[in-house]
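Summary of structural features
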Amino acid sequence: MGTDRHHSEVPRRVAATSLADVPLSAEEGFILSQIDGKTSVDDLELITGLGGESLGAALERLLSLGLIETGPVVRPGRGVARPAIVPDRPPTEPPAAGERLRAPGGFRPTQSSERETRPAPASEPRGAAKQREGTSRSQRTPDSRREAPEDASGPREPDPGKEAPPGIDADGKRGGEAARESSAGPSMPPGARVDPATFTEEALRRIDTFLLRANSADFYRLLGVGRQAERPAIRSAYFGLAKEFHPDAYFGRTLGVVKPKLERIFRQITRAYEVLSRSASRKEYDVYLKGQAVLGGQEEEEQAWAEEERRRSAEPTPPSPEAAAEAAVGSAGAAAAGEPAAQAVAPPATGPAAGPPLSSPADQGIHTGARASVPPPRGGPSSADAWRRERTVRQLAAVLSGGRRRPVQDRRGADYLVEAESAAKEEEWGRVVGLLEAAQRLGLNEAEATRAGALQATAAGQLARISAGQARFAESTGDVEGALRHVEQACKFGPDVADHWDMRARLLLRLGRELHQARDAAMRAIRLEPKVLGYRTTMIRVYLVAGLPKNARREADAALEIDSSDRQIRALLEEAKSALE
Amino acid sequence: MDKVIGIDLGTTNSCVAVVEEGVPVVIPNRGGYKTTPSIVAVTEAGKRLIGHIAKRQAITNSENTVVAAKRLIGRKWNSPQVATSIAMYQYRIVEGPHADVRIQLREKIYSVPEVSAMVLQEMKIIAEDYLGEEVSKAVVTCPAYFNDNQRQATKDAGLIAGLDVIRVINEPTAAALAYGFGKKIDRLVAVYDLGGGTFDISLLEIGAEGVFKVVSTAGDTFLGGEDFDARIIDWMLTDFQTAHNVDLRQDRMAMQRLKDAAEKAKCELSTARQTEINLPFIISTGRNEALHLQCQLTREKLEELTADLVQQTVDICANTMDEAGLDVEDIEDVVLVGGMTRMPKVQERVAELFKREPCKGVHPDEVVALGASIQGAMLVAEKSELMLLDVTPHTLGIMVVGGFFEPLIPKDTTVPTAQTKTFTTVRDNQTAVKILVLQGESEKAEENELLGEFVLTGLRRAPKGEVEIDVTFEINADGIVAVSAKDLETGQEQSITVTASSGLTKDEVKAMAASSHDYMVERRKGESTEKNRQEIESLISEIERHAPQVEEVVKGSEHGSEAMTKAKEVVEQARAALRSDKPDAELQEILDSLRRTLRMFRAVLA
Ligand SMILES: Nc1ncnc2c1ncn2[C@@H]1O[C@H](COP(=O)(O)OP(=O)(O)O)[C@@H](O)[C@H]1O
Ligand SMILES: [Mg+2]
């Protein structure tokens, strides 16, 4: 389900543009060919295997050439058959790839993520709200409050036979209507329903450009400052943009669909400013950027950027492009240090939650607790954490594209399927997965979909096996970090192999961090193979290291029920007991 | 284009300003004062008094004189602040129909927004008299710590007063706007606002681009000039008790006089080193003799009595800088706002803390209203040179299991903004969740302000913890909060636009607006009637003054004496009209004939 969750700007081809004599690079041509009015920027990133930044730059160019335009936020409907590559998202996995790829957006792991999904403000004209409604099958209604059932006791006393109350029915119906409308949606020009007097053509184009940048560019590029820029320059750049894109600049005028765009841009530039204007967070962000560049194979780009900047600002101290190893080490250190204390302790033991932290029973019929024992530290995002997640994705992206980025015009899903099949013969499993993803996005008929499904399962299995092997090898050489990276892949592609999870838990334990994740992984292994004592041992160890001897004892007791003679577990039990005293 | 006025609706004093030809100016009231006490009273005869006049009659009519209504606005009846106010003030505070707060003045019960509306209406009139045109739009300020319910109540007050409040902005932000207006500076400033009832500190970044960004705000809602007054009163009471063994606390009138005297002394000590408090006949004793209160208060004594209050403000400032991760050295200027900052000790301590002399260029009483008017002009401008980036004053979040408060949008986040967090179910087969939208800083949900609630139903049946629900909070530039919850599996989604509640229903606000409008019409009519009557009187006396001379001149002509008789009739009629209660239209006719008569007289004499 994870892959279904992301959503971002969807670029569209501008109708009736002749491509004959447009000066496009091969890469841009390829991207253009993939733009079908349905594929979001995030998806494009996945399909093309291009980094967020180069994709962003290419899209900006296409936009400036008038070849494409971007529309309102469109989320792929749930009804679309799109078998997930990853059958189930492990509890500790970050969200779907597309989401993770939005680098700036994922920058603050300890804070809640910002998404484009948002309810229409009441003041927004009906048209805009409708248009957005049309983007997803499941939708709210602006006045759903009135339709909400009076009876809020549902949660306290769950009634198994209870049908969804009328409020939701109405909601659903509206959603259906909206879905039908949505097929017409994308053809609507982005400026529809906007008072033409409010925006000049130029202003609209700038808004679209910045919207793209907000989605893909790094914070420096978004604000249009160099990496060495001093605080006042950053402030000045931000203030200039804020004046331009704050919705108040158009106070009292009809903004229609442009309003959410402005808000999105404003939020992102504000975020960029807040990160870059504080030296601590800026430092972290720089580390993160470096890591990103190294792993995305973008050293050259980085250097080019630095060059350009040096020329521009004539800074006396040009940035020295640091060695990959150094960046990696630096960020690993930051990762360990930046881990919020709250997360070092496993939350109270109940069942493993599917993603967010755990919660315990409600008392008031009010619920939903994603609650760390301590609130996340204010303004202390661990960018290293984001960086680590990003790294995994980057690697995946590199594998997927197989290092080859060929401009291919007008290809269909079936073409990608064929290519995937030949890649499978060469055992290039990473490419297989990527090509299949692309194939499925572009559409396959039923027979093809079955073929793709089978191939996908094989490829995922192979990737999991290979990753696990690499992980073991890396571990044997003492590269625990590397091993963890590989094992994460293994878990992702082979989530039903208990061994992967156990290994993950053990590696995290070795690194002594993210114990809650270690705990979740260990638990997952146990759930898959309840009888294997080795997995139990890992679990007990995690609890002991996390300083939760009570849980450790309980776990040990449970393990001894399986085999009361296991010496190792007995020893751990003693350890737990002594810790309790 | 419509003029937008800016109103500083203060706890103690209010002020109105407008931008004219690009220059913001404060508009003086009829008495020539630039600020108007935020005091409303109803006399025994049922007459409504607002401002200075209401303040002056408070001694004899304290039960029907509302001061500091702002402390009650948007609050719930059972809140501690309301309890404090009930103990502190002498007017009757009663419970309203929606657990809100109402105020009884004579026979009539008013909602708090209605009382504030009376002050706003007064400010509106002041502006209209000055501009010579009707005013319908305003930017009104409120303290930074006001929650959404209080802000909504402030808007409702505007609505009742016949004003479309196009934006409510924070007082310190407004002050910074006025401070930075037209300066083209890059600067990080602290705005220190110590008013009559509250203390506020805000840090703002000002950019030469004309952008004002709030970095952080904090304050204390019960720390202000009144607390300083209370210290002086206590000191006087203790002295008096020692000297005469009489407790003045029991005597309302005496207490009100003490309060006035204390404030007066406090203000005087901002310039003088010593002042005399003289309250003769403060109370009469059983033996039928009167006691007088007479004492000397020095500035040193006042500073000693209030040292801890000043210290509190300093501590809050230090804290705020800490929280924002800023050092004293980062602050490039300090703006003083509020009447209490005239106290030398306050200035001294602030200068000490920030290691610099506070800015001298702004007027502490006027700067907030000026800023509000600037924001008003800037919002409606075709292309504005200025942009205000305000923040959410309180953390927004939802209630989670265990009655805890889970923040989604932290305090001091620049708006517009949006945040999403994923939550899970807490019991097996849970099919619905109730989302309580809260605002505040407490870990415990119940201690925060409830802004709204809704239920997300139709969740997939699954073991607890398996269903994921995305909760998204969004705040737009107008500060309107929208919340949506979505079941990620089924796509089921519910949302609300949180309409903060002032404690009044829409219909109530409408009805109140209508009755306030009627009152205004009456009052305007009354005013014009009064004006006409005065003019009639002066015309009569002028005509009578000229009459003997004219009679002399026209004596000979028959035509002349006829005219003379006619003139006398007109005057007689006018006199009769003054004695009776003639409608405005008739007075107008009489005025016309009087003017004609006078013109004729003048022609004869010329
Ligand atoms: N010269 C002065 N010296 C000391 N205090 C003063 C002076 N003038 C006014 N004040 C006090 O300032 C307070 C009113 O400040 P103001 O900013 O008008 O309040 P608010 O913003 O709450 O309406 C009162 O307590 C008043 O006594
Ligand atoms: Mg004030």
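Please refer to the structure higher up on the page.
Structural notes, computed from the coordinates. The residue count restarts for each chain, going from 1 along the sequence in the order it is written. Labels follow written order: the first chain is A, the first ligand is 1, and so on. Given that this is a predicted model, residues contribute local features only at a pLDDT of at least 70 and side-chain atom pairs are listed and counted only at 80 or more, while totals for whole chains, interfaces and linings are drawn from all residues. Calculated side-chain values reflect all of the structure's heavy atoms, with hydrogen atoms and water omitted.

The helix count covers DSSP runs of H or I at least four residues long, the strand count covers runs of E at least two residues long, and both are numbered beginning at the N terminus. Along chain A, the regular secondary structure elements total 24 helices and 2 strands. Taken across its 581 residues, chain A has 54% of its residues classed as buried. Restricting the contact set of chain A to residue pairs at least 6 apart, pairs at least 24 apart contribute 73%. Entry remark: accessible area of chain A is about 24200 Å², with carbon and sulfur atoms responsible for 53%. Burial here depends on accessible area, computed with a 1.4 Å probe over protein chains only, as a share of the maximum for the residue type. Under 20% is buried, over 50% is exposed, and the range in between is partly exposed. The criterion used for residue contact is that any of the two residues' heavy atoms lie within 4.5 Å. Computed with a 1.4 Å probe, the accessible areas rest on the Shrake-Rupley method; for each residue, only the protein chains presented here act as cover.

This next bit is on the overall build of chain B. Helix and strand counts for chain B come out as 13 helices and 27 strands. For chain B, buried positions account for 59% of its 606 residues. For chain B, the share of sequence-separated contacts (at least 6 apart) that also reach a separation of at least 24 residues comes to 66%. Summed over all atoms, the accessible surface of chain B reaches about 24900 Å², with 50% contributed by carbon and sulfur.

Let us look at the packing of aromatic side chains. Here a ring pair, both rings aromatic, is described through the centre-centre distance and the interplanar angle of the planes. All names here are of chain A. Aromatic rings from Phe, Tyr and Trp, taking only the six-membered ring of Trp, are treated as a pair when their centres fall within 6.5 Å; an angle between ring planes under 30 degrees marks them as stacked, one over 60 as edge-to-face, and anything in between as tilted. What the rule picks out here adds up to 10 aromatic pairs over all chains. Look at Phe239 and Tyr273: their rings are 6.2 Å apart centre to centre, the planes differ by 50°, and that puts the pair in the tilted class. Of this pair, Phe239 sits in helix α10 (residues 231-245) while Tyr273 sits in helix α11 (residues 258-276); the two residues are 34 residues apart in sequence, bridging distant segments of the chain. By the burial criterion, Phe239 is buried, and Tyr273 matches it. Aromatic ring contacts, followed pair by pair, group Phe219, Tyr220 and Tyr285 into a single cluster. Consider the ring centre and the ring normal. A charge sits over the ring if Lys NZ or Arg CZ is within 6 Å of that centre and within 35 degrees of that normal. In this arrangement the basic side chain of Arg213 is found over the ring face of Phe210, its NZ or CZ atom lying 4.9 Å from the centre.

For Thr537 of chain A, the location among the structural elements is in helix α22 (residues 533-545). Residues contacting Thr537 of chain A, with those up to four places away along its chain left out, are Gln568, Ile569 and Leu572 of chain A.

A side-chain nitrogen of Lys or Arg and a carboxyl oxygen of Asp or Glu constitute a salt bridge if their distance falls within 4 Å. Overall, the coordinates contain 51 salt bridges over all chains when judged by the stated rule. Ionic pairing is found between Lys261 of chain A and Asp208 of chain A, a salt bridge with its closest N-O pair at 2.9 Å. Of this pair, Lys261 of chain A sits in helix α11 while Asp208 of chain A sits in helix α8 (residues 201-216), and the two are 53 residues apart along the sequence. Judged by relative accessible area, Lys261 of chain A falls into the buried class, the value being 6%. Between Asp2 of chain B and Lys137 of chain B there is a salt bridge, and its shortest N-O distance comes to 3.8 Å. Separated by 135 residues along the polypeptide, Asp2 of chain B in the segment before β1 (4-9) and Lys137 of chain B in strand β11 (residues 137-142) bring together distant segments of the chain. In this structure Asp2 of chain B comes out as partly exposed when scored by relative accessible area, which is 44%. By relative accessible area, which is 25% here, Lys137 of chain B ends up partly exposed. Via salt bridges that share partners, Glu60, Arg213 and Arg221 of chain A belong to a single interconnected network.

Residues and elements named next belong to chain B. Relative to the assigned elements, Ile27 resides in the loop between β3 (23-26) and β4 (36-37). According to the relative accessible area criterion, Ile27 is buried, its value standing at 2%. Separated by 96 residues in sequence, Ile27 and Met123 have C-alpha atoms that sit 9.0 Å apart.

Attention now goes to helix α19 (residues 480-493) of chain A. Residues and elements named next belong to chain A. One fewer than the residue count of a helix, multiplied by 1.5 Å, yields its expected span. Taking 1.5 Å of rise per residue, 14 residues should cover 20 Å, and α19 covers 20 Å from first to last C-alpha, within 8% of that figure. With respect to burial, α19 is a largely interior element, 12 of its 14 residues being buried. Along α19, the residues that are buried comprise Val480, Glu481, Gly482, Ala483, Leu484, Val487, Glu488, Gln489, Ala490, Cys491, Lys492 and Phe493.

Glancing now at the sheet that holds strand β22 (residues 417-424) of chain B. All names here are of chain B. If you trace the 4 strands from one edge of the open sheet to the other, you get β22-β25-β26-β27, paired in antiparallel fashion. In the strand order of this sheet, the two ends are held by β22 and β27 (493-498), each with one partner. Ignoring which end each strand starts from, the neighbouring axes of this sheet average 15° apart. DSSP calls a pair of strands paired once it identifies at least 2 bridges connecting them. In terms of strand pairing, β22 meets strand β25 (residues 468-475) through 8 bridges, oriented antiparallel. Bridge pairing in β25 links Lys421 to Val471. Every axis corresponds to a line fitted to the C-alpha atoms, with the helix fit spanning only the stretch in contact, and the corresponding angles, defined between N-to-C directions, vary from 0 to 180 degrees.

This next bit is on the environment of Asp470 of chain B. Residues and elements named next belong to chain B. Relative to the helices and strands, Asp470 resides in strand β25. Sequence separation between Asp470 and Leu488 is 18 residues; the distance between their C-alpha atoms is 6.7 Å. Two N or O atoms form a polar contact when they lie within 3.5 Å of each other; inside protein one atom must be a possible hydrogen donor and the other a possible acceptor, and for residues adjacent in sequence the pair counts only when both atoms belong to side chains. A polar contact is formed between the side chain of Asp470 and the side chain of Thr422, at a distance of 2.7 Å.

Residue and element names in this part refer to chain B. Looking along the chain, the bond that leaves Val415 and enters Pro416 is cis, with omega of 0°. Relative to the elements of secondary structure, Pro416 occurs in the loop between β21 (404-409) and β22. For Ala68, which is not a glycine, the phi torsion comes out positive at approximately 55°. Here Ala68 lies in the loop between β7 (65-66) and α2 (80-88). Positive phi is not limited to glycine here, since Phe281 has a value of about 50°. Within the fold, Phe281 resides in strand β16 (residues 274-284).

Moving on: the site of ligand 1. Residue and element names in this part refer to chain B. Near, as used in this document, describes a residue that has one of its heavy atoms within 4 Å of the molecule or strand being considered. The full set close to ligand 1 counts 16 residues, and Thr12, Asn13, Glu263, Lys266 and Ser270 are the nearest of them. Here an oxygen atom of ligand 1 sits 2.9 Å away from a polar atom, N or O, in the main chain of Gly196. Between ligand 1 and the protein, one listed contact pairs a nitrogen atom with a side-chain N or O atom of Ser270 at 2.6 Å. Here ligand 1 has 580 Å² of accessible area as a free molecule, and 88% of this is covered by the chains. Ranked by the residues each element gives to the shell around ligand 1, the list is headed by helix α7 (residues 252-268), at 3 residues. Residues were grouped as follows: Ala, Val, Leu, Ile, Met, Phe, Trp, Tyr, Cys and Pro as nonpolar; Asp, Glu, Lys and Arg as charged; and all remaining residues, including Gly, as polar. Taken together, the residues that form the shell around ligand 1 break down as 2 nonpolar, 11 polar and 3 charged.

Residue and element names in this part refer to chain B. Pairing is antiparallel across the open sheet formed by 3 strands, whose spatial order is β6-β5-β7. One side of each edge strand has no neighbouring strand; the edge strands of this open sheet are β6 (48-50) and β7. In this structure, strand β5 (residues 40-42) lies alongside β7, joined through 2 bridges in antiparallel fashion. The partner of Ala41 across the bridge, within β7, is Thr65.

Residues and elements named next belong to chain B. Within the fold, Arg151 resides in helix α4 (residues 148-160). Sequence separation between Arg151 and Ser501 is 350 residues; the distance between their C-alpha atoms is 8.9 Å. For Arg151, the contacting residues outside a window of four places in its chain are Cys142, Pro143, Ala144, Phe146, Val168, Asn170 and Pro393. Within polar-contact distance, the side chain of Arg151 engages the side chain of Asn170 at 2.9 Å.

Residue and element names in this part refer to chain B. Counting 53 residues, the largest nonpolar core has Tyr192, Met236, Leu248, Leu258, Ile277, Leu293 and Phe354 as the members making the most contacts within it. Residue contributions to this core peak at 8 residues, all from helix α8 (residues 299-323). Domain assignment of the residues forming this core places at least three in each of domain 1 (4-224 + 308-389) and domain 2 (225-306). When near neighbours in sequence (up to four residues on either side) are disregarded, Leu258 contacts Ile233, Met236, Leu237, Leu248, Leu279 and Leu293. In this structure, Ala68, Ala127, Leu131 and Ala161 belong to the second largest nonpolar core, which totals 48 residues. To form a nonpolar core, buried Ala, Val, Leu, Ile, Met, Phe, Trp, Tyr and Cys residues must be joined to one another through side-chain atoms within 4.5 Å. Reported domain spans reflect what an automatic or database domain assignment gives.

Turning our attention to the packing of helix α16 (residues 413-425) of chain A against helix α18 (residues 446-476) of chain A. All names here are of chain A. Axis separation between α16 and α18 bottoms out at 11 Å; the angle between their running directions is 30°. Of the two elements, α16 crosses α18, and the hand of that crossing is left-handed. Along its contact with α16, which presents Ala414, Leu417, Val418, Ala420, Glu421 and Ala424, the element α18 presents Glu448, Arg451, Ala452 and Leu455. Across the contact of α16 with α18, the residue classes tally to 7 nonpolar, no polar and 3 charged. With the far helix as reference, a near helix turned anticlockwise by less than a right angle produces a left-handed crossing, and one turned clockwise produces a right-handed crossing.

What follows deals with a positive patch on the surface. Residues and elements named next belong to chain A. Nonpolar side chains (Val, Leu, Ile, Met, Phe, Trp, Tyr) within 5 Å and like charges within 9 Å form the patches, drawn only from residues with over 30% relative accessible area and no salt bridge. In this charge count, Lys and Arg are treated as positive and Asp and Glu as negative; neither His nor the chain ends contribute. A charge is said to be at NZ when it belongs to Lys, at CZ for Arg, at CG for Asp and at CD for Glu. Taken together, Lys550, Arg553, Arg570 and Lys577 make up a surface patch of like positive charges. Where the positive patch is concerned, the elements lending two or more residues are α23 (549-562) and α24 (567-580). Tracing the backbone shows Lys550 in helix α23. A relative accessible area of 57% means that Lys550 is categorised as exposed.

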